[in-house]
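Spelled out, the chains give:
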Number of protein chains: 2
Amino acid sequence: MRVAVLGCGVVGTEVVRLLTTQASDLAARVGASLELVGIAVRDTSIERDPVVDRALLTEDAEGLVERADVVVEVMGGIEPARTLLLRAIEHGAAVVTANKALLAQDGPTLYAAADAAGVDLYFEAAVAGAIPIVRPVRESLVGDRVQRVLGIVNGTTNYVLDKMSTEGLDLDAAVKEAQALGYAEADPTADVEGYDAAAKAAILASLAFHTRVSIDDVDREGISGITADDVVWAERTGYAIKLLAIAERSDQGVQVRVHPALVPLTHPLAGVRGAYNAVFVEAEAAGELMFYGRGAGGAPTASAVLGDVVSVARHRVLGGKGPVESSYAALPVLPASAARTRYQVRIDVDDRPGVLATVAAVFATHGVSIEAMRQAPAPLGPDGVGFARLILTTHQASEEALSATVAAVADLDAVRRVISVLRVEGA
Amino acid sequence: MRVAVLGCGVVGTEVVRLLTTQASDLAARVGASLELVGIAVRDTSIERDPVVDRALLTEDAEGLVERADVVVEVMGGIEPARTLLLRAIEHGAAVVTANKALLAQDGPTLYAAADAAGVDLYFEAAVAGAIPIVRPVRESLVGDRVQRVLGIVNGTTNYVLDKMSTEGLDLDAAVKEAQALGYAEADPTADVEGYDAAAKAAILASLAFHTRVSIDDVDREGISGITADDVVWAERTGYAIKLLAIAERSDQGVQVRVHPALVPLTHPLAGVRGAYNAVFVEAEAAGELMFYGRGAGGAPTASAVLGDVVSVARHRVLGGKGPVESSYAALPVLPASAARTRYQVRIDVDDRPGVLATVAAVFATHGVSIEAMRQAPAPLGPDGVGFARLILTTHQASEEALSATVAAVADLDAVRRVISVLRVEGA
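1. Overview of the domain arrangement of chain A
All names here are of chain A.
Now for step 1: In terms of domain boundaries, chain A breaks down into domain 1 (2–130 + 298–318), domain 2 (135–294) and domain 3 (339–424).
Now for step 2: Relative to domain 2, the C-alpha centre of domain 1 lies at a distance of 27 Å.
Now for step 3: Facing the 20 residues of domain 1 at the interface are 17 residues of domain 2.
Now for step 4: Taking both partners together, domain 1 and domain 2 bury about 1,400 Å²; carbon and sulfur atoms supply 63% of that area.
Now for step 5: Where domain 1 touches domain 2, the interface holds two salt bridges.
Now for step 6: The partner of arginine 135 in a salt bridge is aspartate 308, with the nearest N and O atoms 3.2 Å apart.

This is the structure:
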């Protein structure tokens, strides 16, 4: 069984390491030996990990995919990955990819090509690294009806938020620390602004609901608006702030979004620390499930890739084929405004009688029901005058109603400032 | 596609409900409609849930399995389940079973029969109910090297230990509460004494290490020796007590055991509450993974069963076959005495100078290294004389060395009583 690897970065190197060091175990599990026939790179001349046999390196990726039975794509990015995978499929190779961006943007094209060629397209590593989540959702839960997926699927932002919480850092300092440890890129935009999480949300939603969701369908908000103060107050009120990828199904369709949210400290997702990932799934019969582990990194991602390689290679040996795209449900994708969530609103108000009632009245007028209201001692304002900090938690409300409420509250004379508006999820 | 269900208890009823109410979704996912052709029961005359079409009930299980393409076994017990499954396989049906006892005792016979007949044998529901763990271990982690599995795989005992912790109940009272809620059987032996967990441990170990482990290979100790006092002291020293199923691989072979253990409160398994299950997996490349969800109950177990039904039915439609038994590694199964773990030992000693040093010397003599030692205030002894309570936590030690140490400590004049010896896991 000839295996080609496209890309030899952190993940590619670990894929090569596993293929090399575990060759005899892999052969026993597949029923045939896996021969690494080439590793496509942009530049064969640069220094590599000693596990990488330099004789296997090639800059001719197009030629390589034509000589393989299984093509592993761990180069990332849209092109040339897309063209190479389509070419591999045309040549009858099974493909394994970790490329979330490509799948979230153009998955159906790849699915259709693989289906037409009768080859496998596997991508466990594209969502949440080492955590088996694609296979469980595509296969284990296929007899159930998934209602909701809540995921911490970006380790960088989880690390950043965790540092803000445990060490009181502000966002910039925490991002710098993540960069120093290699958790964040030099340009952290894709992580911090939620693009990476949005790609994974689109893939998970497509699988969970048997429908097509592309990254363009995902409402996205990153963590760049989160302050150290938000994190402190979240904890004081019993929550952790997490960047969540959320996919929900209702009678009207599916709604998919990425945003920071308050998660109750008692919820299993609140305990997910550091660069770990976790995906929480609610299904009609199964109830609540959670999948937890390392969402990134060379070796963890390579583990997921190799699991797929063994699966597709087994199909070549024993016959059969893995699941194809399941998009029969063809559900409408709803805008973020269709989502009803709970909110926590923090505002600074004048510290005098009657203010609380006035604020509550504005919420009532807009039909937003308050679940809890708490008045907390606050430091003196910039003008040296005492003020009070109100923390209001609402019942489920539409984004529209909540925005109108907040705008009206901000206009009140007694309100100095709306500090933050955050969604509450998982409660 | 003709589906037969053997057994119509809590799980069987929910399997029938899903097959009936989700028929159109299931047909779309399989690519063929699933027709429920019969439900084998012991007594067709008793009252059933209205979802069960009485016309499908039959007491002729042997006849039923001969008319099905997919046989779902949710009756439990060794016989007649074993004979019926073998007959179904002989007749060319794919089989899906939730029967952990049967698989842990006689899995290889079923595997061999299914392999010879070229049919699928799936059993996701046999371990940890709704939690996808069989498929992830058999397929997602197949390119990796699993080193250790730590599982809370019995919801009844987890509920009991949780109640002892949160409500200060003693074991008997907590078991009675579990019985009242339907979490524990009238005879709770299989759960409380760890037999159920041992069956699951055997199955998980076989899958994770590509070797054969039967329930007879599992060292088993239940929770009947755990006192309310043990639970209180565990928490005071930073641990939760959990009944763990543990499978470990070393250079010498595999060691599989079930026993109560102290788990650090910071470990993800410590937060698994109530009747929930969780399986923690350590793999060489993937690192730490955890799978969490409902480990029992009709609907959750039925979700896992239906996932398998769709998988095996798809193979009938699209061709192919799921994984067969992988036992090529043929590893020796090591006795419990081969396991090296950390221990926490609590003893009551005379409250006078020098005792602590004497006790420590006994540990040193036996080569058991102490990691932490703590002296706690204790109530007056039965004789009204003051004593001190020592809590010692060791580094990794063999069971043999630890037992010899404890015996020698118990013989010291200054030692009144060895209160408890518990293993520490997950640290």
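After that view, the rundown keeps rolling.
2. Description of helix H10 (residues 195–209) of chain A
Residues and elements named next belong to chain A.
Now for step 1: With 15 residues, H10 extends 21 Å from end C-alpha to end C-alpha; this agrees with the ideal 21 Å at 1.5 Å per step.
Now for step 2: Most of H10 is tucked away, with 14 of its 15 residues classed as buried.
Now for step 3: Trailing H10 by a residue or two, histidine 210 shows a phi angle of about 55°, which is positive.

3. Some thoughts on the sheet that holds strand E5 (residues 94–97) of chain A
Residue and element names in this part refer to chain A.
Now for step 1: Strand order in the open sheet formed by six strands is E3-E2-E1-E4-E5-E6, with parallel pairing between adjacent strands. Strands at the two margins of the open sheet, each flanked by one partner only, are strand E3 (57–58) and strand E6 (121–122).
Now for step 2: For strand E1 (residues 2–6) and strand E2 (residues 35–40), the ladder comprises five bridges, and the chain directions are parallel. Bridging from a neighbouring strand, leucine 6 pairs with alanine 40 of E2.

4. Looking at the relation of the copies chain A and chain B
Now for step 1: When chain A is fitted onto chain B, the two copies agree to an RMSD of 0.0 Å after a turn of 180° and an axial shift of 0.0 Å. Taken together, the rotation and translation describe the operation of a two-fold axis. Within chain A, the C-alpha atom positioned nearest to the axis of rotation is that of glycine 320 of chain A, 1.6 Å from it.

5. Remarks on the pairing of strand E10 (residues 254–264) of chain A
Residues and elements named next belong to chain A.
Now for step 1: Among the eleven residues that make up E10, eleven are buried, leaving the element largely enclosed by the rest of the structure.
Now for step 2: A two-sided burial pattern is seen for E10, the buried positions comprising Val254, Val256, Val258, Pro260, Leu262 and Pro264 on one face and Gln255, Arg257, His259, Ala261 and Val263 on the other.
Now for step 3: Relative to E10, strand E8 (residues 219–220) runs parallel, the two being bridged by two bridges. What sits directly across from arginine 220, in E10, is valine 258.

6. What about the nonpolar core?
Now for step 1: Within the largest apolar cluster, 168 residues are counted, with the highest numbers of intra-cluster contacts made by Val71, Phe123 and Ile133 of chain A together with Val71, Phe123 and Ile133 of chain B.
Now for step 2: Among all residues touching valine 71 of chain B, those that are not within four sequence positions of it are Ala4, Leu6, Val65, Leu85, Ala88, Ala93, Ala94, Val95 and Val96 of chain B.

7. As for helix H5 (residues 100–117) of chain A
Residues and elements named next belong to chain A.
Now for step 1: Spanning 18 residues, H5 covers only 22 Å between terminal C-alpha atoms, well under the ideal 26 Å at 1.5 Å per step.
Now for step 2: The sharpest bend along H5 reaches about 90° and sits at aspartate 106, with the proline proline 108 one to four residues further on.
Now for step 3: Leu102, Leu103, Ala104, Asp106, Gly107, Leu110, Tyr111 and Ala114 are the residues of H5 that are buried.
Now for step 4: The inward-facing, buried residues of H5 contact helix H4 (81–90), E5, E6, helix H6 (134–140) and H10.
Now for step 5: One or two positions beyond H5, positive phi appears at glycine 118, with a value near 70°.

8. Re unusual backbone geometry
Now for step 1: Following glutamate 79 of chain A, the chain continues to proline 80 of chain A via a peptide bond in cis, the omega torsion being 5°.
Now for step 2: If you trace the backbone, proline 80 of chain A turns up in the loop between strand E4 (70–73) and H4.
Now for step 3: We note that alanine 330 of chain B has phi near 40°; this positive angle belongs to a residue other than glycine.
Now for step 4: Along the chain, alanine 330 of chain B turns up in the loop between helix H12 (298–318) and strand E13 (340–350).
Now for step 5: A residue is classified by how much of its surface remains accessible, and alanine 330 of chain B, at 57% relative accessible area, is exposed.

9. Points about the packing of aromatic side chains
Now for step 1: Counting across every chain of the model gives seven aromatic pairs over all chains.
Now for step 2: Between tyrosine 159 of chain A and tyrosine 183 of chain A, the aromatic rings sit 4.8 Å apart at their centres with planes inclined by 65°, giving edge-to-face as the arrangement. In this pair, tyrosine 159 of chain A sits in helix H7 (residues 155–167) while tyrosine 183 of chain A sits in the loop between helix H8 (171–180) and helix H9 (189–192), placing the two residues 24 residues apart along the sequence.
Now for step 3: Exposure remark for tyrosine 159 of chain A: the relative accessible area of 7% places this residue in the buried category.
Now for step 4: For tyrosine 183 of chain A, a relative accessible area of 39% translates into the label partly exposed.
Now for step 5: A ring pair is formed by tyrosine 276 of chain A and tyrosine 292 of chain A, whose centres lie 4.9 Å apart and whose planes are at 5°; its orientation type is stacked. Residue tyrosine 276 of chain A is located in strand E11 (residues 276–283), and its partner tyrosine 292 of chain A is located in strand E12 (residues 287–294); the two are separated by 16 residues in the primary sequence.
Now for step 6: In this structure, arginine 138 of chain B packs its charged tip against the face of tyrosine 122 of chain B, placed 5.7 Å from the ring centre.

Conventions used here
Residues numbered from 1 in each chain as written. Chains lettered and ligands numbered in written order. Predicted model: local features only at pLDDT ≥ 70, side-chain atom pairs only at ≥ 80, totals over all residues. Heavy atoms only, no water. Domains from an automatic or database assignment. Contact = heavy atoms within 4.5 Å. Buried area = accessible area lost by both parts, 1.4 Å probe. Salt bridge = Lys/Arg side-chain N within 4 Å of Asp/Glu carboxyl O. Helix = DSSP H or I, 4+ residues; strand = E, 2+ residues; numbered from the N terminus. Expected span 1.5 Å × (residues − 1). Buried < 20%, exposed > 50% of the residue type's maximum accessible area, 1.4 Å probe, protein only. Pairing = 2+ DSSP bridges. Least-squares fit on C-alpha atoms with pLDDT ≥ 70 in both. Core = buried A, V, L, I, M, F, W, Y, C linked by side-chain atoms within 4.5 Å. Bend = angle between axes of the 7 residues up to and from the residue. Phe/Tyr/Trp six-rings, centres within 6.5 Å; stacked < 30°, edge-to-face > 60°. Lys NZ or Arg CZ within 6 Å of the ring centre and 35° of its normal.

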